[in-house]
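# Architecture at a glance
Each chain is listed here by its residues.
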Amino acid sequence: MPRFMGFVRMQEGIGTPPQSLFDAMDVHIGERAAAGVFLDGGGLYGTEDAVNFVVSGGEITRVDGPYAESKEVIGGWSLLQYDTLEEAVADQQKFAELHAEHWPEVTVVSTLRQISEGPEAPGD
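Notes on the structure in this doc start here. (Residues numbered from 1 in each chain as written. Predicted model: local features only at pLDDT ≥ 70, side-chain atom pairs only at ≥ 80, totals over all residues. Heavy atoms only, no water.)

## Quick look at the pattern of salt bridges
Counted under the stated rule, the structure contains 5 salt bridges. Of the charged contacts in the structure, one is a salt bridge between Glu 117 and Arg 3, with a shortest N-O distance of 3.3 Å. With Glu 117 in the segment after strand E6 (108–114) and Arg 3 in strand E1 (residues 3–10), this residue pair connects regions lying 114 residues apart in the sequence. Its salt-bridge partner being Arg 9, residue Glu 72 comes within 3.2 Å of it at the nearest N-O pair. On the criterion of sequence distance, the pair formed by Glu 72 in the loop between strand E4 (59–64) and strand E5 (73–81) and Arg 9 in strand E1 is long-range, its members being 63 residues apart. Under the relative-accessibility criterion, Arg 9 is labelled partly exposed at 30%. Each of Glu 31, Arg 32 and Asp 91 takes part in one network of salt bridges that share partners. (Salt bridge = Lys/Arg side-chain N within 4 Å of Asp/Glu carboxyl O. Helix = DSSP H or I, 4+ residues; strand = E, 2+ residues; numbered from the N terminus. Buried < 20%, exposed > 50% of the residue type's maximum accessible area, 1.4 Å probe, protein only.)

In structure tokens, the structure reads:
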């Protein structure tokens, strides 16, 4: 079964989502966990304590947050498993719809990416 990583990107510092989104997400994730689709996931704190290691030209530089140049940050992630890519895409749309319904005043980008299990291309 293919596995996928879901990401939620948003502007940093927009505040806490409304309780109605937390409640809807509890139901959504609970149903998917019971079905064996949702494997793990969670929200992320802001970049104020983040650490990046930048590798360039064979050199490593450590850069500590916060990052003033960041326009969007990853606010949450999930590890998911579906029978097909089509099921994963349809479910990711439902996830995005929860944000549109319960937090319409913010821009959220909900991204789904298949996890590579080796050198083959997605769908092989």
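Back to the text.
## Points about a nonpolar patch on the surface
A surface patch of nonpolar side chains, amounting to about 420 Å² of accessible area, comprises Val 51, Phe 53, Val 55 and Ile 60. Looking at the nonpolar patch, the element that brings in the most residues is strand E3 (residues 51–56), giving 3 residues. Here Val 55 is to be found in strand E3. (Patch = residues over 30% accessible without salt bridge, like charges linked within 9 Å, V, L, I, M, F, W, Y side chains within 5 Å. Areas by Shrake-Rupley, 256 points an atom, 1.4 Å probe, with all protein chains shown as cover.)

## Here's the deal with the layout of surface pockets
Volume-wise, the largest pocket comes out at about 850 Å³. Forming the boundary of the largest pocket are 38 residues, of which Gly 42, Gly 43, Leu 44, Gly 75 and Gly 76 lie nearest the centre. Classifying every residue of the lining of the largest pocket gives 19 nonpolar, 15 polar and 4 charged. (1 Å grid on protein atoms, 1.4 Å probe; cavity = no way out; pocket = protein on both sides within 12 Å on 5 of 7 lines; lining within 4 Å. Points joined across faces, edges and corners; volume = space filled by probe spheres on them. Nonpolar A, V, L, I, M, F, W, Y, C, P; charged D, E, K, R; others polar.)

## Looking at the nonpolar core
Counting 9 residues, the largest nonpolar core consists of Val 8, Met 10, Leu 21, Ala 24, Met 25, Phe 95, Leu 98, Trp 103 and Val 106. Elements with a minimum of two residues in this core: E1, helix H1 (19–34) and helix H2 (85–102). Residues contacting Leu 98, with those up to four places away along its chain left out, are Leu 21, Ala 24, Met 25, His 28 and Trp 103. Listed in part, the 6 residues of the second largest apolar core include Phe 4, Phe 38, Leu 80 and Ala 88. (Core = buried A, V, L, I, M, F, W, Y, C linked by side-chain atoms within 4.5 Å. Contact = heavy atoms within 4.5 Å.)

## A closer look at the environment of Thr 47
By the element assignment, Thr 47 lies in the loop between strand E2 (38–43) and E3. What makes Thr 47 buried here is its relative accessible area of 11%. Considered as a pair, Thr 47 and Met 25 are 22 residues apart in the sequence and their alpha carbons are 23 Å apart. Discounting chain neighbours no more than four positions away, the residues touching Thr 47 are Glu 12, Gly 65, Pro 66, Tyr 67 and Val 73.

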